[in-house]
Amino acid sequence: MSQSDPERHADFRPIRVFVVDDHAVVRRGMQAYLELIDDVELVGDAASGQQALDRILALAAAGRPPDVVMMDLVMPGLDGIATTAALKERHPEVEVVAMTSFSEGERVHSALQAGAAGYLLKDAEADTVAVAIRAAHRGEVHLDPVVAQQLTRSLRTPRPQALTTLTEREREVLTLLAQGLSNKEIARQLVISERTARTHVSSILAKLDLASRTQAALWAIREGLSPAPSQFPGPQPPL
C-alpha cells in the first residue's frame, strides 16, 4: 500500500522491523533499505544477540514489539541461531528472517530449526529484502534461490516407510503446502476447516519426521510432488 493512496484503511499500520547485526555498516545499510519501503517501519536495532533480546523485551513491554526481526547469524557471544531460538521462545509471535554471508546447508537448517521464517544472503537486493519481510509477516518465507537449492539437496530423507503412511488427503495438503499456501488457503481449496488443515499439516510433519512446514515443502519439491515455487511456507503458529 503506497503512501500516495488517497484512502488508507483505518487499522493499517506498517510492518515493524528490528535489525540485529554486529556490524554498524550493515545496520546502517539495512536502515537505508527499510526507509525506501512505505509499509515498513524500523523500530530498533542491536549489535549483539543479548542486546537484541533486551531491547525487544522493552519494546514488547511498551506494547510495540517488532513484527519481523532481521537476524545476523554470525555474531560473537550469543550468535544469531541461539538468539533466534531464545526470541521465538519468549515472543513466538515475532517472525525472524535470518541473514548471513554464507549459505551452508547446516547453518540454514539450524536457523530454520531455531524458528526462523526465512533466510537471506546479505548481498540481497533491496526489493528481495522487502519481499522477505512481507512474506514473513504473512506467515510465509522467501528463501534466497541459492539457499533453497542447497536446502533441497541437503534435506535429510525421512524414514523410508513415511511416504506410504500419508493418506490421500495428506498428500493433497502436502502438495498445496509446497506451493506456498497457508492453512487458510489450503482449507478453502479443499473445502475443509482451517483446524482440519492444521491437523493434517501436523500429521504430515510427524509422519515424515520433519520439524517445519519449510522442510516439508522442500521435501515435497525434491520428491517431485510439487514444482518449486518462488516462496515457501514458513513456520506459522499454530501448525
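Residues numbered from 1 in each chain as written. Predicted model: local features only at pLDDT ≥ 70, side-chain atom pairs only at ≥ 80, totals over all residues. Heavy atoms only, no water.

### As for the overall build of the protein
Per the secondary structure count, the protein includes 11 helices and seven strands. Each of the 239 residues in the protein was classed as buried or not, and the buried ones make up 49%. Residue pairs at least 24 apart in sequence account for 67% of intrachain contacts in the protein once pairs closer than 6 positions are excluded. Total accessible area on the protein is roughly 11,200 Å²; 52% of this is exposed by carbon and sulfur atoms. (Helix = DSSP H or I, 4+ residues; strand = E, 2+ residues; numbered from the N terminus. Buried < 20%, exposed > 50% of the residue type's maximum accessible area, 1.4 Å probe, protein only. Contact = heavy atoms within 4.5 Å. Areas by Shrake-Rupley, 256 points an atom, 1.4 Å probe, with all protein chains shown as cover.)

### A look at helix α1 (residues 24–35)
Helix length check: α1 (12 residues) gives 17 Å between terminal C-alpha atoms against 16 Å at 1.5 Å per residue, within 8%. For α1, every residue scored as buried is listed here: Arg27, Met30 and Leu34. Summarising the axial view, the buried residues of α1 lie within an arc of 65°, below the 170-degree limit, and thus occupy one face. What points out from α1, more than 90 degrees from its buried face, is the exposed set Val25, Arg28 and Glu35. Lining the buried residues of α1 we find β1 (15–20), β2 (40–46), β4 (95–100) and α5 (126–137). (Expected span 1.5 Å × (residues − 1). Arc of directions from axis to C-beta.)

### Topic: the packing of helix α8 (residues 168–178) against helix α9 (residues 183–190)
At a minimum axis separation of 10 Å, α8 and α9 run at an interaxial angle of 130°. Viewed along their axes, α8 and α9 adopt a mutual orientation that is oblique. Read as a crossing pair, α8 and α9 show a hand that is right-handed. Taken together, the residues of α9 that come into contact with α8 (itself represented by Arg169, Glu172, Val173, Leu176 and Leu177) are Ile186, Gln189 and Leu190. Grouping the constituent residues of the contact of α8 with α9 by class yields five nonpolar, one polar and two charged. (Axes fitted to C-alpha atoms, helices over the stretch in contact; angles between N-to-C directions. Parallel < 35°, antiparallel > 145°, perpendicular 65-115°, else oblique. Left-handed = near helix turned anticlockwise from the far one by under 90°. Nonpolar A, V, L, I, M, F, W, Y, C, P; charged D, E, K, R; others polar.)

### Observations concerning the confidence of the model for the protein
Averaged over the protein, the pLDDT score is 81; the fraction of residues at 70 or greater is 80%. Every residue in residues 1–10 is under pLDDT 50, and counting partners more than four places away or in other chains gives eight contacts. (pLDDT = per-residue confidence, 0-100.)

### Looking at the sheet that holds β2
With parallel pairing, five strands are arranged side by side in an open sheet as β2-β1-β3-β4-β5. Both outer strands of the open sheet, β2 and β5 (118–121), are each paired with one neighbouring strand and no more. Direction aside, neighbouring strands of the sheet carry axes that sit 25° apart on average. Two elements, β1 and strand β3 (residues 68–72), share four bridges in a ladder whose sense is parallel. The residue bridging Val17 from the neighbouring strand is Val68, located in β3. Contacting β1, β2, β3, β4 and β5, α5 runs over the sheet at an angle of about 125° to β3. (Pairing = 2+ DSSP bridges.)

### Things to note about the pairing of β1
Counting buried residues in β1 gives six out of six residues, a clear majority hidden from the surface. Residues of β1 alternate between two faces, with Ile15, Val17 and Val19 on one and Arg16, Phe18 and Val20 on the opposite face, all of them buried. Taking the sense of rotation as the criterion, the β-α-β connection linking β1, α1 and β2 turns out right-handed. (Right-handed = clockwise from strand over helix to strand, strands pointing away.)

### Side note on the pairing of β2
Moving residue by residue along a regular strand, the side chains alternate between the two faces of the sheet. Taken together, the six bridges between β1 and β2 define a ladder with parallel strand orientation. Within β2, the residue paired with Phe18 across the bridge is Gly44.

### Digging into unusual backbone geometry
With phi around 55°, Val191 is a residue other than glycine that occupies positive phi space. Inspection of the secondary structure assignment puts Val191 in the loop between α9 and α10 (194–208). Overall, the relative accessible area of 73% leaves Val191 in the exposed class.

### A word on α9
Every buried residue belonging to α9 is among Asn183, Ile186, Ala187 and Leu190, and all of these are buried. Across the axial projection of α9, the buried residues extend over an arc of 100°, all falling on one side. Facing away from the buried side of α9, by more than 90 degrees, are the exposed residues Arg188 and Gln189. Contacts from the buried residues of α9 go to α8, α10 and α11 (213–222).

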